[in-house]
2 protein chains.
Amino acid sequence: MTAPRYDVLGIGNAIVDVIARAEEDFLVAQGMHKGTMALIDQARAEKIYQAMGPAVESSGGSAANTIVGVASFGGHAAFVGKVKDDELGRAFAHDIRAARVAFDAKPAGDGPSTARCYIMVTPDGERTMNTFLGAAQDLKPSDIDEAKVASAAIVYLEGYLWDPPQAKEAFVKAAAIAHKAGRRVALTLSDAFCVDRYRAEFLALIRKGTVDIVFANEHELHSLYETADFDTAVKALRGDAKLAVITRSEKGCVVVTRKTVEPVQAMPIDRVVDVTGAGDLFAAGFLVGLARGKDHRTAARLGALAAAEVIQHIGARPAVSLKALAAENGLPV
Amino acid sequence: MTAPRYDVLGIGNAIVDVIARAEEDFLVAQGMHKGTMALIDQARAEKIYQAMGPAVESSGGSAANTIVGVASFGGHAAFVGKVKDDELGRAFAHDIRAARVAFDAKPAGDGPSTARCYIMVTPDGERTMNTFLGAAQDLKPSDIDEAKVASAAIVYLEGYLWDPPQAKEAFVKAAAIAHKAGRRVALTLSDAFCVDRYRAEFLALIRKGTVDIVFANEHELHSLYETADFDTAVKALRGDAKLAVITRSEKGCVVVTRKTVEPVQAMPIDRVVDVTGAGDLFAAGFLVGLARGKDHRTAARLGALAAAEVIQHIGARPAVSLKALAAENGLPV
């Protein structure tokens with residue numbers, strides 16, 4: 001096994017976020033479930049956009065945010081995802097490359113526009129997401145470059161990849177390449193409703209060992225095991241997964257292995273502005289820590305640090321160098 | 001003279017801002033003059049974009065920002081400017097309409113893309129701008145709707161309109177309509193280099209009374225009268241303009257008439273994050289105050305309030321309701 005070229009390679013939906021502030025009433029009037037992600041078609045996308053307030057556009061996508069976080073920590077990072085060759089697609093490609101992430105997926109020349117996620121941020125800092133998948137639906141197994149995937153210490157995949165029709169095949173192909181090369185495969189469960197759509201498949205991936213590391217928040221964990229009891233769900237997860245991290249917002253996280261359940265505290269912060277990207281950036285810190293040989297506790301602290309940074313401003317990607325922030329906090333990467 | 005339907009109608013370049021953080025070194029390496037606006041062609045735009053860091057896209061344009069500020073104060077506002085029918089043009093139109101500004105200019109179906117301004121925000125909060133005018137160059141006198149202009153208490157024009165070839169004719173047409181209808185015409189000098197390009201024309205506009213109200217910052221004022229001495233410049237301005245406001249960053253502003261020079265303090269703030277939009281939002285507060293019959297001092301305080309809000313976050317448009325903020329500060333509009 002050769003030394004990995006990348007610390008983490010992520011595969012996910014390449015999405016541009018369209019972010020606006022909204023009141024709770026707006027979510028109710030639009031029939032949105034607060035704090036979750038809904039898939040929408042073009043007609044609904046146009047209706048939502050017309051109804052929502054002034055917005056800013058900012059590159060997003062769950063795994064893409066994570067990978068940008070890895071690069072911000074100074075990790076070597078690559079991303080695979082599909083955009084169209086349009087203005088937002090070019091913005092996505094610019095932003096991820098400017099963050100020093102290797103990104104060379106060929107943009108689609110025709111078909112639907114680059115994916116966008118309409119994000120409503122309520123006064124409490126919670127975000128409610130509506131995703132038009134657009135060109136992201138075109139991600140295919142042929143977009144997976146075997147040499148590249150094999151050269152990453154960890155391949156990181158988002159559960160949202162189960163939504164586009166052929167992306168799950170790309171996911172499975174990437175996982176097989178990674179394992180053949182002696183690398184590890186990580187999965188985020190993404191969203192409680194996403195888990196609800198693909199519960200049996202996600203459980204099979206975990207139980208068969210297609211994934212080695214699982215990221216979930218409490219809602220997703222509860223959805224996975226269809227229980228409202230945290231301890232029951234954690235016990236079930238320990239039987240299924242080799243390594244998992246359950247994030248619990250201000251309560252921190254627990255790192256779960258076959259033998260241990262270790263809680264790690266969240267970083268105290270002044271004020272939550274926008275929780276978009278909290279889970280994505282937690283994963284960034286944890287993954288870069290693992291890839292660089294840190295213990296689980298240190299990796300989780302790096303995750304907590306990155307999550308704390310991203311929820312203190314609008315947008316799902318770090319506004320400062322996470323490498324510098326980690327060093328200031330006595331956690332050199 | 002009928003009661004005005006709009007408090008303020010603005011005419012300006014319709015621009016989407018592409019905003020990134022940058023170090024001082026970057027400005028030097030790129031040959032940019034810190035704190036100013038440079039016009040760039042498409043080739044230079046592509047080079048700058050490639051070199052700059054991850055960015056966010058946010059609707060901008062100087063007069064457009066002002067008009068959105070007027071609407072945020074609860075003023076009735078309209079905007080005239082030219083976008084293309086492309087993704088960024090649709091975002092510009094969405095954002096300004098979502099801010100409750102009347103905007104019905106027909107987008108260009110072909111030709112260059114919607115204008116964009118590449119903005120580098122340095123760690124001190126200063127912004128350095130590079131504008132690709134694109135579709136904004138197509139603004140023509142025929143885009144000026146006589147009835148609409150005549151129905152605004154104040155028509156507000158940006159000095160930047162002297163850059164696109166035919167926009168100045170649109171400007172002069174609008175000013176003539178406004179005066180015929182008994183309305184007032186305001187001009188911002190926009191930028192010291194812009195003043196340098198069009199000094200004689202701007203002085204003629206002011207001296208002939210084509211504009212009634214002049215907004216400038218210190219640099220622009222000094223450029224207009226080619227002097228480094230503030231008092232000399234103010235004295236010259238008093239001889240030329242009926243009413244002018246000179247903004248002086250943290251030193252506040254001075255309201256200048258033929259007979260008076262009244263200083264008004266800036267609002268104290270915690271930390272400057274991004275000065276983009278400071279002058280634009282000052283003008284918003286002053287104009288809405290004037291249109292609603294406030295005295296100059298109160299109008300200037302509304303301006304100071306709006307400027308203080310916008311420099312405390314990234315982006316050139318208010319992040320909160322200025323109407324609510326003004327009420328909280330004892331300045332009901």
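A few points on the structure. Since this is a predicted model, take the numbers as computed values, not measurements. (Residues numbered from 1 in each chain as written. Chains lettered and ligands numbered in written order. Predicted model: local features only at pLDDT ≥ 70, side-chain atom pairs only at ≥ 80, totals over all residues.)

### Some thoughts on the overall build of chain A
If you tally the helices and strands in chain A, you get 12 helices and 14 strands. For chain A, whose C-alpha radius of gyration is 18 Å, the value lies close to the compact-globule estimate of 20 Å for 333 residues. Dimensions along the principal axes, computed over C-alpha positions, put chain A at roughly 50 × 40 × 40 Å. When burial is assessed residue by residue, chain A has 55% of its 333 residues classed as buried. Long-range contacts, defined here as pairs at least 24 residues apart, represent 76% of the contacts in chain A between residues at least 6 apart. (Helix = DSSP H or I, 4+ residues; strand = E, 2+ residues; numbered from the N terminus. Rg over C-alpha atoms; globule rule 2.2 N^0.38 Å. Buried ≥ 20, exposed ≤ 12 C-beta atoms within 10 Å, placed from the backbone. Contact = placed C-beta atoms within 7 Å.)

### Topic: the sheet that holds strand β14 (residues 261-264) of chain B
All names here are of chain B. The strand order across the open sheet built from 9 strands is β6-β5-β1-β9-β10-β11-β12-β13-β14, with neighbouring strands paired in mixed fashion. The sheet is open, and its two edges are formed by β6 (101-102) and β14, each paired on a single side. The sheet contact formed by strand β1 (residues 6-11) and strand β9 (residues 152-158) spans 5 bridges and is parallel. Note on β9: the bridge partner recorded for Ile11 is Leu157. With respect to the sheet, helix α3 (residues 62-72) is in contact with β1, β5 (77-80), β6, β9 and β10 (184-188), its orientation differing from that of β1 by roughly 165°. Helix α11 (residues 296-310) contacts β12 (243-247), β13 (253-257) and β14 of the sheet and is inclined by roughly 35° relative to β14. (Pairing = 2+ DSSP bridges. Axes fitted to C-alpha atoms, helices over the stretch in contact; angles between N-to-C directions.)

### Quick notes on the relation of the copies chain A and chain B
Turning one copy of the chain about an axis and sliding it along that axis gives the other copy, so a rotation and a shift relate them. Expressed as a screw transformation, the operator carrying chain A onto chain B has a rotation angle of 180° and an axial translation of 0.0 Å, and the superposed copies differ by an RMSD of 0.0 Å. Taken together, the rotation and translation describe the operation of a two-fold axis. When C-alpha distances to the rotation axis are compared across chain A, the minimum falls at Glu57(A), with a value of 2.4 Å. The residues that chain A uses at the interface reappear at the interface of chain B in 100% of cases, marking a shared surface. (Least-squares fit on C-alpha atoms with pLDDT ≥ 70 in both.)

### Description of the interface of chain A and chain B
Taken together, the contact between chain A and chain B spans 19 residues of the former and 19 residues of the latter. Elements that contribute at least two residues to the side of chain A that touches chain B include exactly β4 (56-59) and α4 (87-98) of chain A. Considering every element that reaches the side of chain A that touches chain B, the biggest residue donor is α4(A), with 6 residues. Residues of the side of chain A that touches chain B, tallied by class, amount to 9 nonpolar, 5 polar and 5 charged. (Nonpolar A, V, L, I, M, F, W, Y, C, P; charged D, E, K, R; others polar.)

### Quick notes on the environment of Val214(B)
Mapped onto the elements, Val214(B) comes out in strand β11 (residues 213-217). Each C-alpha atom of the pair Val214(B) and Gly53(B) lies 36 Å from the other, and the pair is 161 residues apart in sequence.

### Considerations on the sheet that holds strand β14 (residues 261-264) of chain A
Residues and elements named next belong to chain A. A sheet is described by the order of its strands in space; here 9 strands give the open sequence β6-β5-β1-β9-β10-β11-β12-β13-β14, paired in mixed fashion. Of all the strands in the sheet, the pair left with one neighbour each is β6 (101-102) and β14. Bridge count between strand β13 (residues 253-257) and β14: 4 bridges; the pairing is antiparallel. The partner of Val256 across the bridge, within β14, is Val261.

### A short note on the nonpolar core
Formed by 242 residues in total, the largest nonpolar core has its most connected members in Val8(A), Leu287(A), Val8(B) and Leu287(B). Residues within four places of Val8(A) in sequence aside, it is in contact with Ile67(A), Val70(A), Gly75(A), Ala77(A), Ala152(A), Ala153(A), Ile154(A), Tyr156(A), Leu287(A), Val288(A) and Ala291(A). (Core = buried A, V, L, I, M, F, W, Y, C linked by C-beta atoms within 7 Å.)

### Considerations on unusual backbone geometry
Residues and elements named next belong to chain B. The residue Arg100 is not glycine, and still its phi comes out positive at about 65°. Locating Arg100 in the fold gives a position in the loop between α4 (87-98) and β6. A count of 16 C-beta atoms within 10 Å places Arg100 in the partly exposed class. One non-glycine residue, Ser190, lies in positive phi territory at about 75°. Among the structural elements, Ser190 can be located in the loop between β10 and α7 (192-207).

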